[in-house]
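As a plain string of letters, each chain reads:
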Amino acid sequence: MPVPRGTAALLSAAVLIAAACEPGREPAELTPAETDRTMLDADRNAVRVVPPARRIVSLVPSATLTLAALGARDLLVARTDFDTAAWIGDLPSVGGGLQPSIEAIVAVRPDLVIHFGGSQDLQTPRRLAELGIRHASVRPDRVEDILAMVRFLGGVTAEPEAADSLVLHIESELEAVQRASLGAPDVQVAYVLGGDPPWVAGPGTYIHQLIELAGGSNVFSDLERRYSAVSPEEFYRRRIDLILLSRGTAFDERMAGGARIVHVSPALELPGPSVAASARELARILGRIP
Amino acid sequence: MRLSTEALVVRYPGAASPALDGVSFDVASGSLYAVLGPNGSGKSTLLKALLGVVPAEAGRVTVQDRPAHGWSRRDLARMIGVVPQGETLAFPLTVREMVAMGRYPYLGPLHGEGTRDREAVQRALVQCDIAGLASRDVTTLSGGELQRVRIARALAQEPRALVLDEPTASLDIRHEMAILELLRSSADSGMTVLVVTHGLDLAARFADRMLLLREGRVVAEGRAGSVMEAPILEDVYGWPVAVEPDPVTGTPRVTPLRSTDPARTPEGRNG
Amino acid sequence: MRRVGLSLALVALLACSLVLSVRFGSVDLGTAEVLAALTGRAPDWLRSIVIELRLPRALLGALVGGGLAVAGATFQALLRNPLAEPYILGISGGASVGAVLMLATGAAGAALWALPLAAFLGALFAIALVFGVATASGRGMDVRVLLLAGVVVGAFFSACIALILSVSEARTIQSAVLWIMGSLANARWGSVIVAALYTLPATVVLIGLARPLNLMAIGEETAQYLGTDVERVKRVALGVAALITAAGVAVAGVIGFVGLVVPHAIRLLVGSDHRVLLPLSFLAGAAFLALADLVAKLALAPTEIPIGVVTAFVGVPLFLVLLRRSLTA
């Protein structure tokens with residue numbers, strides 16, 4: 001390589017050193033006394049629950065709804081551009097839920113920021129850690145995750161009883177749907193989120209779980225990822241009885257074949273406390289309950 | 001300053017036959033030397049080998065009294081001003097900027113041009129009669145003007161030798177003569193001038209000596225009278241010619257013949 | 001003189017753009033508050049905003065913008081091609097493959113430096129590959145081969161990215177696309193230091209090569225006859241310009257347009273003498289990117305628009321005006 005080797009090596013080393021100087025995000029080492037004052041978030045990081053959060057920024061819409069359901073609406077000090085419900089009022093926005101304006105977050109002086117877990121937005125939690133702002137991730141992929149999110153948010157807001165009763169309520173609703181659907185004939189269901197080629201819900205999603213709970217079979221339960229785009233050929237090849245579309249989703253109806261197409265409410269795509277109502281909606285569509 | 005080669009062989013990578021095969025010549029200070037030959041005979045290669053741009057496979061190239069590769073590029077640039085054949089400018093430049101590039105061999109990376117450099121540039125502009133064009137964009141010049149700018153750049157190098165590759169190609173009579181007069185007077189003032197050209201007649205009038213190449217080999221070398229003989233030229237160029245003394249200047253004049261010309265027949269030539 | 005006037009104007013513009021970038025952001029702060037934060041007499045949250053967020057971001061924008069403009073001018077001279085820009089040799093493609101791999105494998109989540117380092121190494125790999133092809137003949141570096149190899153290698157990297165993304169989760173695709181579009185939002189003091197370590201010395205080296213670059217723009221043969229070691233100049237200048245670009249991409253993603261248009265705009269104003277062109281391109285690129293980032297931050301605050309969108313929206317009309325003026329002059 002014609003770049004002078006020594007120089008290149010030296011400069012690469014400079015990148016390494018400068019990068020290593022930046023604070024990373026190490027899971028906190030906890031003493032036994034601290035363990036009961038912390039909870040693990042969705043990324044398995046320990047988050048302090050004392051003192052309880054009193055100024056919260058939630059970047060995740062389903063977490064925002066969960067906080068509202070826990071009666072912690074007043075603790076929210078900002079919203080994202082996607083939180084447009086009337087009750088949010090005129091809270092300042094911090095931009096999108098992914099890669100929000102850190103500056104806008106700092107300016108509302110939160111004592112807790114709820115953000116997306118996993119690899120969707122790596123920068124935001126790092127930034128918050130550097131600035132010494134308490135933060136926690138949620139990742140409501142499956143029903144268990146949603147329940148864990150409810151308990152977690154109850155914990156950090158010092159409302160564990162409210163969380164426990166919300167969890168109980170959701171669990172009993174889901175059980176009721178499951179009981180009503182027992183022994184019903186099998187229905188092959190595809191849940192289409194939109195897109196061309198269409199994106200569908202695969203296994204490992206609460207949507208998959210709700211379909212199975214309501215006595216349906218997810219046509220795409222063999223996919224490897226939670227949500228993925230599938231070839232239109234798959235729609236022709238597989239036996240599908242029912243296609244669920246959220247309202248306003250474009251879908252080439254020729255792909256339906258003989259399947260019935262039903263539009264579901266957008267709330268079905270919110271992995272929050274509304275899963276109980278969503279399960280009932282699916283059960284109604286599948287004719288399990290009136 | 002002396003420029004010479006001895007039994008020079010140059011071969012381009014992958015080529016079966018050498019581009020230059022045993023070429024020797026010697027140009028003395030204060031003389032104008034012409035390199036002649038048909039297309040592809042190795043004229044431009046000879047210049048590049050002389051200037052160390054293409055490597056020699058065998059033989060020797062001497063600049064002043066040292067092998068050419070013994071000089072650094074910078075040293076060579078201070079001694080030899082070169083006007084290569086074609087240049088295409090990637091970006092516009094003014095005439096003065098272009099001529100001032102002739103001073104680069106004298107400047108350090110962070111040193112600006114001094115009084116001496118500016119004087120040399122101004123002298124070169126005046127010598128080539130382009131002082132009036134100094135702030136023009138070179139991309140807007142005519143062929144003759146551009147050629148004079150490039151020669152001025154070489155003169156601004158204050159060299160002891162000038163090497164030019166077809167400096168008057170595609171110029172009209174006035175511009176061609178003006179450039180050749182400039183080269184002649186440079187030689188007369190002691191400079192070594194080496195010109196590659198297709199213009200046989202003018203070479204005969206301006207050059208002290210000439211070299212005739214064919215397929216990389218020297219066919220003839222010497223004064224115009226000994227090189228420019230009809231049988232030699234017919235052999236080299238593969239075309240019938242008549243060579244007669246020019247009635248005005250007395251130097252040899254070459255006339256390529258058509259099939260209908262009377263001189264084309266042996267009787268005509270003899271008569 | 002025109003060059004002196006323009007230099008002073010650009011220094012003033014850069015100073016203004018840095019001041020504005022610190023003064024304004026998505027949060028509405030008063031001048032007094034910003035000054036208090038800078039002098040340390042402000043609450044922590046205010047100092048965080050000004051010193052940890054706005055200041056490094058403004059400086060990073062200036063360094064990356066200046067570096068890209070200088071690298072662009074250098075590539076244009078060496079490749080003798082007005083369409084050349086810093087990413088033309090596949091550097092952005094190599095960096096993107098490195099970054100996207102880190103995102104797809106989850107390594108980017110494990111360590112903060114994994115992504116920029118992988119992007120940097122990807123860029124170096126691209127440079128090595130393209131230089132290797134261009135010097136394969138053993139007769140020096142052929143810039144036409146270099147250009148062609150760069151474009152082809154770039155296309156190959158695009159295919160690699162498409163392949164990685166097609167087998168990735170939707171979330172990975174989202175973060176990869178955001179990274180590829182380029183952003184200064186992740187500026188930290190660490191990235192400012194990295195960018196400065198590369199950009200500033202490299203810019204000085206290139207300014208030192210200004211005369212050989214002038215000659216290269218006329219032609220490699222002529223440059224040799226005027227005393228230039230052409231092969232050495234090509235290797236050093238291309239290598240240094242490529243390193244600037246690689247470091248810029250590693251810390252700020254692929255920000256387009258600056259490296260192509262800023263050098264042309266300066267050329268139209270002061271001509272093609274690289275002794276003037278390179279320093280002025282640095283100043284103009286630095287001021288331009290800092291201002292573009294200000295627009296990116298403020299236009300739809302608190303949501304940011306991609307900075308590449310701003311550089312194109314502001315830069316294209318500006319450039320067309322300059323081009324028109326130079327044609328009618």
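In this text the structure is predicted, and so the values were computed from the model without any measurement. (Residues numbered from 1 in each chain as written. Chains lettered and ligands numbered in written order. Predicted model: local features only at pLDDT ≥ 70, side-chain atom pairs only at ≥ 80, totals over all residues.)

A. Expanded view of the overall build of chain B. Regarding its fold elements, chain B presents 10 helices and 12 strands. Taking 271 residues into account, the globule formula puts the C-alpha radius of gyration at 18 Å, and chain B, at 20 Å, falls close to it. Projecting the C-alpha coordinates of chain B onto the three principal axes gives extents of approximately 70 × 40 × 35 Å. Burial analysis of chain B (271 residues in total) assigns 41% to the buried set. For chain B, restricting intrachain contacts to residue pairs at least 6 apart in sequence, the fraction spanning at least 24 positions comes to 64%. (Helix = DSSP H or I, 4+ residues; strand = E, 2+ residues; numbered from the N terminus. Rg over C-alpha atoms; globule rule 2.2 N^0.38 Å. Buried ≥ 20, exposed ≤ 12 C-beta atoms within 10 Å, placed from the backbone. Contact = placed C-beta atoms within 7 Å.)

B. Representation of the overall build of chain C in the model. Counting secondary structure elements, chain C contains 15 helices and 0 strands. Here chain C has a C-alpha radius of gyration of 20 Å; the compact-globule value for 329 residues is 20 Å, and the two agree. Along the longest, intermediate and shortest principal axes, the C-alpha atoms of chain C span 65 × 55 × 35 Å. Burial statistics for chain C: of 329 residues in total, 60% are counted as buried. By sequence separation, contacts in chain C at least 24 residues apart represent 77% of the contacts at least 6 residues apart.

C. Structural detail: the pairing of strand β1 (residues 3-10) of chain B. Residues and elements named next belong to chain B. With 5 bridges joining them, β1 and strand β4 (residues 58-63) adopt antiparallel strand pairing. When the sheet's bridge partners are listed, Ser4 is paired in β4 with Thr62. Looking at chain direction, β1 and strand β2 (residues 20-27) are connected through 6 bridges and run antiparallel. For Leu3, the partnering residue across the bridge sits in β2 and is Val27. (Pairing = 2+ DSSP bridges.)

D. Fine view of helix α1 (residues 43-50) of chain B. Residues and elements named next belong to chain B. For α1, the buried fraction is high: 7 of the 8 residues fall into the buried class. Burial in α1 covers these residues: Lys43, Thr45, Leu46, Leu47, Lys48, Ala49 and Leu50. Positioned one or two residues after α1, Gly52 has a phi angle of 75°, which is positive.

E. Just the pairing of β4 of chain B, in detail. Residues and elements named next belong to chain B. Of the pairings in the sheet, the one linking β4 to strand β5 (residues 66-67) comprises 2 bridges and is antiparallel in character. From the neighbouring strand, Thr62 faces β5, where its bridge partner is Pro67. Connecting β4 to the antiparallel partner β5 that follows it, the hairpin turn spans 2 residues, and Gln64 within it adopts a positive phi of roughly 55°.

F. Layout of the sheet that holds strand β7 (residues 161-165) of chain B. Residue and element names in this part refer to chain B. Reading across the sheet, the 6 strands line up as β6-β7-β8-β3-β9-β10 and stay open at both edges, with mixed pairing between neighbours. Each edge of the open sheet is held by one strand with a lone partner, namely β6 (80-83) and β10 (217-222). Within this sheet the neighbouring strands show an average axis-to-axis angle of 15°, counted without direction. Bridge count between β7 and strand β8 (residues 192-196): 5 bridges; the pairing is parallel. Across the sheet, Val163 pairs through a bridge with Leu194, a residue of β8. (Axes fitted to C-alpha atoms, helices over the stretch in contact; angles between N-to-C directions.)

G. Fine view of unusual backbone geometry. The amide bond that connects Val50 of chain A to the next residue, Pro51 of chain A, takes the cis arrangement and shows omega of -5°. The residue Pro51 of chain A is located in the loop between β2 (46-48) and β3 (56-58) in this model. Positive phi, normally seen in glycine, also occurs at Gln64 of chain B, with a value near 55°. Tracing the chain through its elements places Gln64 of chain B in the loop between β4 and β5. Its identity as a non-glycine residue notwithstanding, Arg80 of chain C has a phi of 50°, on the positive side. As for its position among the elements, Arg80 of chain C is in the loop between α3 (44-78) and α4 (91-105).

H. Structural view of the interface of chain B and chain C. Listed per partner, the contact involves 23 residues of chain B and 21 residues of chain C. Counted by class, the side of chain B that touches chain C contains 17 nonpolar, 2 polar and 4 charged residues. (Nonpolar A, V, L, I, M, F, W, Y, C, P; charged D, E, K, R; others polar.)

I. Representation of the interface of chain A and chain C in the model. Each side of the interface is counted separately: chain A has 40 residues, and chain C has 48 residues. Of all the secondary-structure elements, those providing two or more residues to the side of chain A that touches chain C are α1 (5-21), α4 (102-107) and α5 (123-130) of chain A. Here the side of chain A that touches chain C takes 9 residues from α1 of chain A, the largest share from any one element. In the side of chain A that touches chain C, the residues fall into 23 nonpolar, 10 polar and 7 charged.

J. Representation of the packing of helix α2 (residues 31-38) of chain C against α3 of chain C in the model. Residues and elements named next belong to chain C. Packing of α2 against α3 brings their axes to within 9 Å, and their N-to-C directions diverge by 80°. Relative to α3, the element α2 is oriented roughly perpendicular. Contacts from Glu33, Val34, Ala36, Ala37 and Leu38 in α2 reach Leu46, Arg47, Val50 and Ile51 in α3. Broken down by class, the residue content of the contact of α2 with α3 amounts to 7 nonpolar, no polar and 2 charged. (Parallel < 35°, antiparallel > 145°, perpendicular 65-115°, else oblique.)

K. Highlighting the sheet that holds strand β4 (residues 76-78) of chain A. All names here are of chain A. Ordered by their spatial adjacency, 4 strands build an open sheet running β4-β3-β5-β6, and the pairing between neighbours is parallel. Edge positions in the sheet fall to β4 and β6 (135-138), since each of these pairs with one other strand and no more. Each neighbouring strand pair of the sheet contributes to a mean axis angle of 35°, computed without reference to strand direction. In the sheet, β3 pairs with strand β5 (residues 112-116) via 3 bridges, with the strands oriented parallel. Bridge assignment links Ile56 to a residue of β5, and that residue is Leu112.

L. View of the nonpolar core. Of all hydrophobic cores here, the largest spans 281 residues; its most connected members are Ala123 and Ala246 of chain C. Once residues within four sequence positions are removed from consideration, Ala246 of chain C is found in contact with Ile91, Ala95, Phe120, Ala123 and Leu124 of chain C. (Core = buried A, V, L, I, M, F, W, Y, C linked by C-beta atoms within 7 Å.)

M. A look at the arrangement of the chains. Most contacts, among the 2 pairs of chains that meet, fall between chains A and C. One thing to see here is that chain A and chain B don't touch, and their nearest C-alpha atoms sit 20 Å from each other.

N. Here's a closer look at the environment of Thr311 of chain C. Residues and elements named next belong to chain C. Mapped onto the elements, Thr311 comes out in helix α15 (residues 307-328). Remark: the alpha-carbon pair of Thr311 and Val295, spanning 16 residues in sequence, is separated by 9.4 Å. Sequence-distant contacts of Thr311, that is, excluding residues within four places in its chain, are made with Ile255, Gly256, Phe257, Val258 and Ala292.

O. Representation of the environment of Pro43 of chain C. By the element assignment, Pro43 of chain C lies in the loop between α2 and α3. For the pair formed by Pro43 of chain C and Val194 of chain C, sequence separation is 151 residues and the distance between their alpha carbons is 29 Å.

P. Layout of the environment of Leu213 of chain A. All names here are of chain A. Structurally, Leu213 can be placed in helix α8 (residues 206-213). Taking the C-alpha atoms as reference, Leu213 lies 16 Å from Pro273; in sequence the two are 60 residues apart. Ignoring any residue separated from it by four or fewer positions in sequence, one finds Leu213 in contact with Leu174, Val177, Gln178, Ser181 and Ala279.

Q. Spatial organisation of the packing of α3 of chain C against helix α9 (residues 189-208) of chain C. All names here are of chain C. Relative to each other, α3 and α9 sit at 30°, their axes nearing to 9 Å. Classified by the interaxial angle, the pair formed by α3 and α9 is roughly parallel. In this structure, α3 meets α9 at a crossing whose hand is left-handed. Where α3 approaches α9, its residues Pro56, Leu59, Leu60, Leu63, Val64, Gly66, Gly67, Val70 and Thr74 are matched on the opposing element by Trp189, Ser191, Val192, Ala195, Ala196, Thr199, Thr203 and Leu206. (Left-handed = near helix turned anticlockwise from the far one by under 90°.)

R. Just helix α14 (residues 274-298) of chain C, in detail. Between its first and last C-alpha, α14 of chain C extends 35 Å over 25 residues, near the 36 Å set by a 1.5 Å rise per residue. With 22 of 25 residues buried, α14 of chain C lies mostly within the body of the structure. (Expected span 1.5 Å × (residues − 1).)

S. Region of interest: the confidence of the model for chain C. Residues and elements named next belong to chain C. Averaged over chain C, the pLDDT score is 88; the fraction of residues at 70 or greater is 99%. Confidence, expressed as mean pLDDT per element, reaches its minimum in chain C at helix α5 (residues 107-110) with 72 and its maximum at α14 with 94. Under the prediction, the complex receives an ipTM of 0.88, its pTM being 0.83. (pLDDT = per-residue confidence, 0-100.)

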